[in-house]
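Letter by letter, the chains look like this.
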Amino acid sequence: MGITAYSLRVGRQITHQERKIQVNKTKVALYVRVSTAEQADNYSIPEQIERMKNYCKSKDWEVYKVYTDAGFTGSNIERPGMQSLIEDADHHSFDMVLVYKLDRLSRDLRDTLYLIDDVFAKNNIQFSSITEVFDTSTEIGRLVLKFLSSFAEMERSRISERM
């Protein structure tokens, strides 16, 4: 194998094989959200971002972009960061969407399933949470996702009742 390029990232010449590995890194879109009430619950934007970036680093994934919705409810997807994420997903800009917790994506079961099925899966984009384990490519994994999303929706209703 000959030397084909000089990498600023590693500070030396890299082989064709090393370049191929760099090119094939998983590009990850990080999505973070807090509503005002949840900021006190240890889900701060900087904390979510830091934990997800560390998670990506441990997996040797490349962070493509951080999409942020600060102070927006999870009861719908009409949020600027979410709309930008959907648009970039339709342009195949990344390989995976990563959230801190499923309820950061949405607190509505229908919206969650729309995002997973009609946006991410349609564009061959994986979806993952750093605090929950589910595999949306299996029926059991989809069932777990639906349970978690249903609990997030129930919690949103309980939050509304307390206000």
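Above this text sits the structure in question.
The shown structure was predicted, so the numbers you read here are calculated from the model rather than taken from an experiment. (Residues numbered from 1 in each chain as written. Predicted model: local features only at pLDDT ≥ 70, side-chain atom pairs only at ≥ 80, totals over all residues. Heavy atoms only, no water.)

Draft legend 1. Focus on the nonpolar core. Grouped together as the largest cluster of nonpolar side chains are 22 residues, with contacts concentrated most on Leu 105, Phe 120 and Phe 127. Of all the elements in the fold, those that place two or more residues in this core are β3 (27-34), α3 (80-90), β5 (96-99), α4 (102-105) and α5 (109-120). A per-element tally of this core places α5 first, with five residues. Not counting residues within four places of it along the chain, the set of residues in contact with Phe 120 comprises Leu 85, Val 97, Leu 105, Leu 115, Ile 125 and Phe 127. In this structure, Leu 30, Val 32, Val 34 and Leu 98 belong to the second largest nonpolar core, which totals 13 residues. (Core = buried A, V, L, I, M, F, W, Y, C linked by side-chain atoms within 4.5 Å. Buried < 20%, exposed > 50% of the residue type's maximum accessible area, 1.4 Å probe, protein only. Helix = DSSP H or I, 4+ residues; strand = E, 2+ residues; numbered from the N terminus. Contact = heavy atoms within 4.5 Å.)

Draft legend 2. Spotlight on helix α2 (residues 45-59). The end-to-end C-alpha distance of α2, which contains 15 residues, comes to 21 Å, matching closely the 21 Å that a straight helix rising 1.5 Å per residue would cover. Tucked inside the fold, the buried residues of α2 contact β3, β4 (62-70), β5 and α4. Downstream of α2 by a residue or two, Asp 60 has a phi angle that is positive, lying close to 60°. (Expected span 1.5 Å × (residues − 1).)

Draft legend 3. Local environment of α3. Those residues of α3 that fall on the buried side of the exposure criterion are Gly 81, Met 82, Leu 85, Ile 86, Asp 88 and Ala 89. Within α3, the buried residues cover an arc of 165° as seen down the axis, which keeps them to one side. Those residues of α3 that are buried lie in contact with β3, β4, β5, α4 and α5. Once α3 finishes, His 92 follows within two positions and takes phi at roughly 55°, a positive value. (Arc of directions from axis to C-beta.)

Draft legend 4. The packing of α3 against α5, seen in detail. In contact at an axis separation of 10 Å, α3 and α5 are set at 25° when each is read in the N-to-C sense. The orientation of α3 with respect to α5, classified from their angle, is roughly parallel. Across from Met 82, Leu 85, Ile 86 and Ala 89 in α3, the residues of α5 making contact are Leu 115, Val 119 and Phe 120. When its residues are assigned to classes, the contact of α3 with α5 shows seven nonpolar, no polar and no charged. (Axes fitted to C-alpha atoms, helices over the stretch in contact; angles between N-to-C directions. Parallel < 35°, antiparallel > 145°, perpendicular 65-115°, else oblique. Nonpolar A, V, L, I, M, F, W, Y, C, P; charged D, E, K, R; others polar.)

Draft legend 5. How the structure looks around the pattern of salt bridges. Tallying each qualifying case throughout the model produces seven salt bridges. A salt bridge links Asp 103 to Lys 101; the nearest nitrogen and oxygen atoms lie 3.8 Å apart. On the basis of relative accessibility, which here comes to 7%, the residue Asp 103 falls in the buried class. Of the residues examined, Lys 101 reaches a relative accessible area of 25% and is grouped as partly exposed. Note that Asp 103 and Arg 104 form a salt bridge whose closest N and O atoms lie 2.9 Å from each other. In this structure, Asp 103 and Arg 104 share a single accessibility class: buried. (Salt bridge = Lys/Arg side-chain N within 4 Å of Asp/Glu carboxyl O.)

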